[in-house]
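Below, each chain spelled out in residue letters.
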Amino acid sequence: WNIITTTSSNFVLTLATETGVLAAAVFIILTLKAFTFSKDLPDQKVSKAVSLSLITAFILQFIFPGNMSLFVLTVILLATAVPKIKKRIITLPSNPLPYLFPAVVLILIAIQMKAYLADIYFRKAISAINNQKANEAFNFNQQALNLNPDSDKYFSFSSNLNLAMAQNLSSDQKATESARQIQMLTQQAVADAKRATELNRLNPQNWGNLASIYQALIGSVEGTEQLALDA
């Protein structure tokens, strides 16, 4: 993602692209509401500081690309700045139903934790690649794939990693039995790139990645010119 743009120039445009125009409109309405919240807050330094921070947080998201830390901060400030209204709470009678919702929430958290753990391994794989430790990166990415085999970004990363390892072997004159390993790594690179497009056909980066894999094989594998153009 240091080379290919993954977000728009600001958070609002990213929101409109990925979630829809309606979501972006709601965000704009919230921004306008933030200015009105400041009028309803008590005339205290703390309240005014919270209001000013909230307005600043909204404005920054119209200027800079999406940032999860800033977004979470905006939600916290929004909850702090919104006028509090007292409402009567009706308690439900004692029955098993109130325990059903927490149970469902815990199950969903457990499922999400598996995906979160996969992202941790994926991040370790990226760090290993940055430190030129291809074998560690390969192992970490495999762990991520085992935990979340439905992520197209893991397969896309794996395809590039396998291709890079194959290219390193082909340039190593001292490597033994390198021809067989190169063939296996190359086939795996193509298979992973294809799998990424199958998991998310609407992501143009997956198709661009598949094309680049085929392009790297032009001259060594017959027919890859046309396959690259098709991708």
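In what follows, the structure referred to is the one given above.
Keep in mind it's a predicted model, so treat the numbers as computed, not measured. (Residues numbered from 1 in each chain as written. Predicted model: local features only at pLDDT ≥ 70, side-chain atom pairs only at ≥ 80, totals over all residues. Heavy atoms only, no water.)

Peer 1: Would you explain the overall build of the chain in this entry?
Peer 2: Check the secondary structure of the chain and you find 10 helices and zero strands. Burial statistics for the chain: of 231 residues in total, 30% are counted as buried. Within the chain, contacts between residues at least 6 apart in sequence are counted, and of these 54% link residues at least 24 apart. Of the roughly 16100 Å² of accessible surface on the chain, a fraction of 62% belongs to carbon and sulfur atoms. (Helix = DSSP H or I, 4+ residues; strand = E, 2+ residues; numbered from the N terminus. Buried < 20%, exposed > 50% of the residue type's maximum accessible area, 1.4 Å probe, protein only. Contact = heavy atoms within 4.5 Å. Areas by Shrake-Rupley, 256 points an atom, 1.4 Å probe, with all protein chains shown as cover.)

Peer 1: Even after reading the chapter, I still don't get the environment of serine 212, so can you show me in this structure?
Peer 2: The residue serine 212 is located in helix 9 (residues 204-216) in this model. A polar contact is formed between the side chain of serine 212 and the backbone oxygen of asparagine 209, at a distance of 2.6 Å. (Polar contact = N/O pair within 3.5 Å; in protein donor to acceptor, adjacent residues only side chain to side chain.)

Peer 1: Help me out: how do you make sense of the nonpolar core in this one?
Peer 2: Generally speaking, a soluble globular protein has its nonpolar side chains buried in company with each other. Ranked by size, the top nonpolar core spans 18 residues in total, and within it Phe122, Ala144, Tyr154, Phe157, Leu161 and Leu185 carry the most contacts. Here the element with the most residues in this core is helix 7 (residues 152-171); it accounts for seven residues. Core analysis: the next-biggest nonpolar cluster, separate from the first, contains 15 residues, Phe27, Ala34, Ile55 and Leu78 among them. (Core = buried A, V, L, I, M, F, W, Y, C linked by side-chain atoms within 4.5 Å.)

Peer 1: I tried to follow the packing of aromatic side chains on my own but got confused; where do I start?
Peer 2: Where two aromatic rings form a pair, the distance of their centres and the angle of their planes describe that pair. Overall, the coordinates contain seven aromatic pairs when judged by the stated rule. Seen in terms of ring centroids, phenylalanine 122 and tyrosine 154 are 4.9 Å apart; in terms of plane orientation they differ by 45°. Their pairing is tilted. Within this pair, whereas phenylalanine 122 is found in helix 5 (residues 97-130), its partner tyrosine 154 is found in helix 7, the two being separated by 32 residues in sequence. Here the aromatic cluster, defined as three or more aromatic residues joined through ring pairs, consists of Phe11, Phe27, Phe58, Phe62 and Phe71. (Phe/Tyr/Trp six-rings, centres within 6.5 Å; stacked < 30°, edge-to-face > 60°.)

Peer 1: Even after reading the chapter, I still don't get the environment of phenylalanine 138, so can you show me in this structure?
Peer 2: Its location among the elements puts phenylalanine 138 in helix 6 (residues 134-147). Not counting chain neighbours up to four residues away, the residues in contact with phenylalanine 138 comprise Leu161, Asn162 and Met165.

Peer 1: Where do I start with helix 6 in this structure?
Peer 2: The end-to-end C-alpha distance of helix 6, which contains 14 residues, comes to 20 Å, matching closely the 20 Å that a straight helix rising 1.5 Å per residue would cover. Buried residues of helix 6: Ala137, Asn141, Ala144 and Leu145, and no others. Buried residues in helix 6, looked at end-on, bunch into an arc of 100°, giving them a common side. For helix 6, the exposed residues set more than 90 degrees away from the buried face come down to Asn135 and Asn146. (Expected span 1.5 Å × (residues − 1). Arc of directions from axis to C-beta.)

Peer 1: What am I meant to see in the pattern of salt bridges here?
Peer 2: When their charged atoms lie close together, side chains carrying opposite charge are able to pair. Enumeration according to the criterion identifies two salt bridges in this entry. For aspartate 119, the salt bridge goes to lysine 153, with nearest N and O atoms at 3.2 Å. Of the two residues, aspartate 119 sits in helix 5 while lysine 153 sits in helix 7, which places them 34 residues apart along the sequence. The exposure class of aspartate 119 is partly exposed, given its relative accessible area of 31%. Given a relative accessible area of 38%, lysine 153 falls into the partly exposed group. As a salt-bridge pair, arginine 195 and glutamate 198 come within 3.3 Å of each other at their nearest N and O atoms. Residue arginine 195 and its partner glutamate 198 are both found in helix 8 (residues 178-199); the two are separated by three residues, about one turn of the helix. A relative accessible area of 31% means that arginine 195 is categorised as partly exposed. (Salt bridge = Lys/Arg side-chain N within 4 Å of Asp/Glu carboxyl O.)

Peer 1: Hey, could you run me through unusual backbone geometry in this one?
Peer 2: Peptide bonds are, in most cases, trans, and in most cases residues other than glycine have a negative phi. Of note, the phi angle at glutamine 132 is positive, near 60°, even though the residue is not glycine. Residue placement: glutamine 132 occurs in the loop between helix 5 and helix 6.

Peer 1: Hey, could you run me through a nonpolar patch on the surface in this one?
Peer 2: Residues Ile28, Leu32, Phe35, Ile59, Phe62, Ile63 and Phe64 make up a contiguous nonpolar surface patch of roughly 640 Å² in combined accessible area. Here the element with the most residues in the nonpolar patch is helix 2 (residues 21-40); it accounts for three residues. Along the polypeptide, isoleucine 28 turns up in helix 2. (Patch = residues over 30% accessible without salt bridge, like charges linked within 9 Å, V, L, I, M, F, W, Y side chains within 5 Å.)

Peer 1: For this particular structure, what's the right way to read helix 9?
Peer 2: Along an α-helix, residues three or four apart share an orientation, since each turn contains 3.6 residues. For helix 9, which comprises 13 residues, the first-to-last C-alpha distance of 18 Å matches the rise-based estimate of 18 Å (1.5 Å per residue) to within 8%. The set of residues buried in helix 9 consists of Asn206, Asn209, Leu210, Ala211, Ile213 and Tyr214. Contact partners of the buried residues in helix 9: helix 7, helix 8 and helix 10 (224-230). Backbone nitrogen of glutamine 205 and a side-chain oxygen of the N-cap are separated by 3.0 Å at the start of helix 9; the cap is asparagine 203.

By themselves, these figures tell us nothing about what the structure is for.
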